[in-house]
Amino acid sequence: MTDATDSRRTVHVVPHTHWDREWYEPFQRFRLQLVDLLDTVLPRLEADPRFRFTLDGQTAAVDDYLEVRPDALPRVVALVRSGQLAVGPWRVLADSFLCSGENLVRNLEIGLARSAELGGAMRVGYIPDQFGHTAQLPQILRGFGFDQACLWRGVPGSVDRHAFHWVSPDGSSVRTEYLPGGYGNASVMFTDPAKTVERSIAFAEQMRAWFGDTEPLAMYGTDHSAPIPTLLDQVGAVQASGAEVTLRLETLAEALAGRDPQEAGLPQVLGELRSHARANLLPGILSVRVAVKQAMAEAERMVERYAEPLSALWCPQAAEPFLSMAWLRLVDASCHDSVTGCGADSTAQQVAARIAEAEQLGSAVRDRTLNDIASRAPSDSVVVVNPSALERTDLVRCQVVAPDSWADVALELPDGTLAPTQEIRRAERNLIDATFPAADVVNAVRRRTFGQVMYSRAIQRAEISDHTVTFTVGRIGDPGYDVERFADELTEAVAASSPGDWRLRVIDEPSRELLALTTAPALGWASVRPRAGSAPLSAPSSIVDGALHNGLVSAVVNEDGTLRVTGSDGTVLDGVGRIVDGGDAGDSYNYGPPVTDTLVDKPTAVTVVAAEQGPLVASLVVLRTYEWPLGLVDFDGTARTSETVSVGVTTSVELRVNEPFVRVEVSFDNRSVDHRVRFHIPTARTASSSHAEGQFSVVERALVNEGGNGEHPLPTFPASSFVDAGGTGVLLHNVTEYEVSSDGSDLALTLLRATGAISRNLHPLRAEPAGPTTPIPEAQVPGVTVSQFAVLPHAGDWASANLMDAAERYRNPLITVAGTGTTSDLASAEGITVTGATACGLRQRNGLELRLVSYSDSASTAQVSLPGLTAAARVDLTGAVVEELSIVDGTAEIPLRPWEITGIHLTR
């Protein structure tokens, strides 16, 4: 501590490391370095109580170390409790734009729980190196009791000092410490002991522009580094020198402990932080390795929209520990150098495997839950399951057993009405028809039978007649069938028969694959049964004169292969789907145009093929051929090659009954390198801004971005479930990079960005390197690329066009499972119904806990209904009860602030 009469300026020095769990080296190679680092740091902390160390705000680094050094756990706990070692509060430092909002909540939840086991979390929302920050992070932090954050990137130019109040759309605010110069702004202060005093004085003066008379914060540390051994001696030397500065070693929590969270006079920043003004934002990570982003979105939806809520309601015993394991993998994959794709190919492979494991864990829980629900429905039925917290009437795909004599098949609903269907195909009934010598036929049967299963179908009956063995199989079999007993019967029949070959036939039951327009209760299920006949449909999907119609929206293919789409209110988008291929002389962090680019936007050939004819689904396939340059003529990106490769781009255009949007799937086999492919959609009217959903908010963005710091501010932005500009709404399956043209007439989605290096030392749009120049040939994305989205033209804004509801319907389809129960009655069961807000998650935590978000600028009241509801309470993000709620007729009412995120605990 500085003496009270000492007038010297105190500099708060925070020794730390920034630990990229995986990046230009894969996880295990970096972990070896982490073990070496902590093997050095822990003894130094134990040897001198003055020493302090901050472990980068993430508990993953601690666990990664302890897995190798398990005996070090008591030492770590002792150092954390003593205040010398700061851990947490996060599990990992996530890229907050490339994961779901719920993923961010679980990240902090997991990190805080683990920090508590290790001795206590650092109470600072430390997010030092992420590539911008989402709008709702202050509310998430406040939901866990944090009132301070600390960060570097994304801070706008309006912030002219070291701190500001960062405010979420709902009004939640955290005092945020900005790190001028980054998380390593004091990394050179101690590199030369002879100059420590001089550099300390210079640092204090340099920081005066940001801190004024406030004691400055010096972040001593950088990527994968430990403090030098002489640090304490050098700090003491500055103190003993009599210089006008004194250095105080602290953890980040200690350094910020004296800051007033309500400090007056600080600038206020509302919403997301995506400015280039103070640090490189590196926005190209949104579009590199698109397949990883697609897989992440699929896995997150599987876990948080299907497995977790459905198991919580209908089969809680299926959930743990599988969902905890799935969430851990999803959180770990969200790292700012993991899901971003800006690492080595080996890192990307490991991230993809981790995401795949999360999806597999989630799908296992989902399927276990579906099987449990199926046992409550008739064995001749199909169960339709709804993942949304509102009743839905939508299309499902299902397999039903229906005699060949039925010309048409409808589905009977529990209320006795019939649902319309569209037949996709009839299953092949003859699974095998072969002859065998009499001596071999018994073994032929044995080799093809596994218990009561043959050719993945259950055995319903087996018959022997006139040198023929006939098996009839299906989804439900005869539980009394025994293969050995039948083999004995067959052996006797063969012995008693006349000489000659035997015929083996396996016949499947008559089944059809159908599309059906069915209704299912909110977060519930309904069983339906096939019936002979058909059901009327007031506005079918159809192809008329080569154009798609469904009574709500239409799509016509133009001569160049683009679409003219007309919305339900008459809004027209003409030229949807112009494909533009251009060069990319950038890297995994930033797109970079070649010096002389060659843009290819006109196909050399166009073919249109009708696919589905209706009445539930009608679709066209547009085949376009392009000549794309093979790559760049040189590493400097002077121009693209004159040599081209012929590429076929397939665009599937689909209209489903009752949907006000056009579904689009684009696929092509990429055989070029160093290029970018974008899908362009005209705006219905000139756009002055865009709106994009993501992480519990809808953010409005200008058509330009704030630049500075040597990085060209391309107006490319992320959108999660939808983006909207000028009456052009686009529903998205995964986080997608988009850009609205400067004149507001065009919206471009990035389908592919192929690049071959982590970073370039000389970049056309960035003044400094962002990492090593490691080659990443897999990021050139060879092979087939597939992108899916939907286009919704509309008048008015995104809210009046109900884009949130449309995105829910598009991204989270109804699912089906075949009934297996003994009951004969069709039935349905309602789960939780939510109106007036959006349900973003449901899980088991001391009962049912529902996550609600108000996607509105106005205060509102949500209603939550659950059959058998006896008690309800509002809870914060930790699960702690905030207030009890009254219940009337099984419904709780919850007042919500604009953009509020809240939890509701439900007891039934």
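Keep in mind the model is a prediction, meaning the values are calculated, not measured. (Residues numbered from 1 in each chain as written. Predicted model: local features only at pLDDT ≥ 70, side-chain atom pairs only at ≥ 80, totals over all residues. Heavy atoms only, no water.)

A.B. asks: Looking at this structure, how should I read empty space enclosed by the protein?
C.D. replies: The method is simple in principle: a probe with the dimensions of a water molecule rolls over the atoms, and the space it marks as empty is what remains. Inspection of every chain in the model, using the stated rule, returns 10 cavities of 30 Å³ or more. There is about 440 Å³ of room inside the largest cavity. Lining the largest cavity are 26 residues; nearest its centre among them are Ser-100, Glu-304, Glu-693, Ser-721 and Arg-811. Listed by contribution, the elements that provide at least two residues to the lining of the largest cavity are helix H4 (101–118), helix H9 (290–314), helix H14 (803–811) and strand E46 (838–844). Broken down by element, the residue count for the lining of the largest cavity peaks at 5 residues, all from H9. Its boundaries defined by the atoms lining it, the second largest cavity holds a volume of some 130 Å³. Contributing to the lining of the second largest cavity are 17 residues, with Val-290, Asn-734, Thr-736, Thr-750 and Ser-787 lying nearest its centre. Among the elements of the structure, H9, strand E40 (736–740), strand E41 (746–754) and strand E42 (783–793) are those that each provide at least two residues to the lining of the second largest cavity. Partitioned by chemical class, the residues of the lining of the second largest cavity number 7 nonpolar, 8 polar and 2 charged. (1 Å grid on protein atoms, 1.4 Å probe; cavity = no way out; pocket = protein on both sides within 12 Å on 5 of 7 lines; lining within 4 Å. Points joined across faces, edges and corners; volume = space filled by probe spheres on them. Helix = DSSP H or I, 4+ residues; strand = E, 2+ residues; numbered from the N terminus. Nonpolar A, V, L, I, M, F, W, Y, C, P; charged D, E, K, R; others polar.)

A.B. asks: Is there a simple way to think about the pattern of salt bridges in this case?
C.D. replies: Opposite charge on two side chains lets them pair, provided their charged atoms get close. Across all of its chains, the model carries 62 salt bridges by this definition. A salt bridge links Arg-161 to Asp-160; the shortest N-O distance between them is 3.0 Å. Among the residues examined, Arg-161 registers a relative accessible area of 31% and is labelled partly exposed. Exposure remark for Asp-160: the relative accessible area of 43% places this residue in the partly exposed category. The partner of Asp-170 in a salt bridge is Arg-897, with the nearest N and O atoms 2.4 Å apart. In this pair, Asp-170 sits in the loop between strand E6 (163–167) and strand E7 (173–178) while Arg-897 sits in the loop between strand E52 (891–896) and strand E53 (901–907), placing the two residues 727 residues apart along the sequence. (Salt bridge = Lys/Arg side-chain N within 4 Å of Asp/Glu carboxyl O. Buried < 20%, exposed > 50% of the residue type's maximum accessible area, 1.4 Å probe, protein only.)

A.B. asks: What should I look at first to understand the sheet that holds strand E33 (residues 662–670) in this one?
C.D. replies: One key point about sheets: their strands pair by backbone hydrogen bonds, in either a parallel or an antiparallel sense. Taken together, the 9 strands give an open sheet; going across it, the order is E30-E31-E32-E33-E42-E39-E38-E35-E36, and neighbouring strands pair in antiparallel fashion. Of all strands in the sheet, those bounded by a partner on one side alone are strand E30 (605–613) and strand E36 (697–701). Averaged over all neighbouring strand pairs, the angle between strand axes comes to 20°, with direction disregarded. Here strand E38 (residues 722–725) runs beside strand E39 (residues 728–732); their pairing, made up of 4 bridges, is antiparallel. (Pairing = 2+ DSSP bridges. Axes fitted to C-alpha atoms, helices over the stretch in contact; angles between N-to-C directions.)

A.B. asks: Hey, could you run me through helix H3 (residues 73–82) in this one?
C.D. replies: In an α-helix, one full turn covers 3.6 residues, which means residues spaced three or four apart are oriented alike. Those residues of H3 not exposed but buried are Val-76, Val-77, Leu-79 and Val-80. Looking straight down H3, one finds that the buried residues subtend no more than 165° of arc, so they occupy a single side. H3 presents Pro-74 and Arg-81 as exposed residues on the side facing more than 90 degrees away from its buried surface. Buried positions along H3 lie against helix H1 (27–47), helix H2 (60–68), strand E3 (85–86) and H4. Taken from the residues just after H3, Gly-83 is the one with a positive phi, measuring 90°. (Arc of directions from axis to C-beta. Contact = heavy atoms within 4.5 Å.)

A.B. asks: Even after reading the chapter, I still don't get the packing of aromatic side chains, so can you show me in this structure?
C.D. replies: Any aromatic ring pair is given by two values, namely how distant the centres are and how the planes are angled relative to each other. Within the structure shown, the criterion is met by 18 aromatic pairs. Put simply, the rings of Trp-19, Trp-23, Tyr-24 and Phe-30 pair up and form one aromatic cluster. The aromatic ring of Phe-146 is capped on one face by Arg-123, whose charged end is 4.0 Å from the ring centroid. Positioned above the aromatic ring of Phe-97, the side-chain terminus of Arg-274 is 4.6 Å from the ring centre. (Phe/Tyr/Trp six-rings, centres within 6.5 Å; stacked < 30°, edge-to-face > 60°. Lys NZ or Arg CZ within 6 Å of the ring centre and 35° of its normal.)

A.B. asks: Is there a simple way to explain unusual backbone geometry in this structure?
C.D. replies: One can expect most non-glycine residues to show negative phi and most peptide bonds to be in trans. Cis geometry is found at the peptide bond from Gly-88 to Pro-89, where omega equals 15°. Position of Pro-89 relative to the elements: it lies in the loop between E3 and H4. A cis amide bond, omega 10°, links Gly-614 with the succeeding residue Pro-615. Looking at the element boundaries, Pro-615 is found in the loop between E30 and strand E31 (617–629).

A.B. asks: Any chance you could explain the packing of H9 against helix H10 (residues 322–333) here in plain terms?
C.D. replies: Two numbers describe a pair of packed helices, the interaxial angle and the distance between the axes. Where H9 contacts H10, the axes come no closer than 11 Å and their chain directions differ by 155°. By the criterion of interaxial angle, the relationship of H9 to H10 is roughly antiparallel. The crossing of H9 and H10 is left-handed. For the pair H9 and H10, contact is made by Met-296, Ala-299, Glu-300, Val-303, Glu-304, Ala-307, Glu-308 and Ser-311 and by Leu-323, Ala-326, Trp-327, Leu-330 and Ala-333, respectively. A breakdown of the residues in the contact of H9 with H10 according to their chemical character gives 9 nonpolar, 1 polar and 3 charged. (Parallel < 35°, antiparallel > 145°, perpendicular 65-115°, else oblique. Left-handed = near helix turned anticlockwise from the far one by under 90°.)

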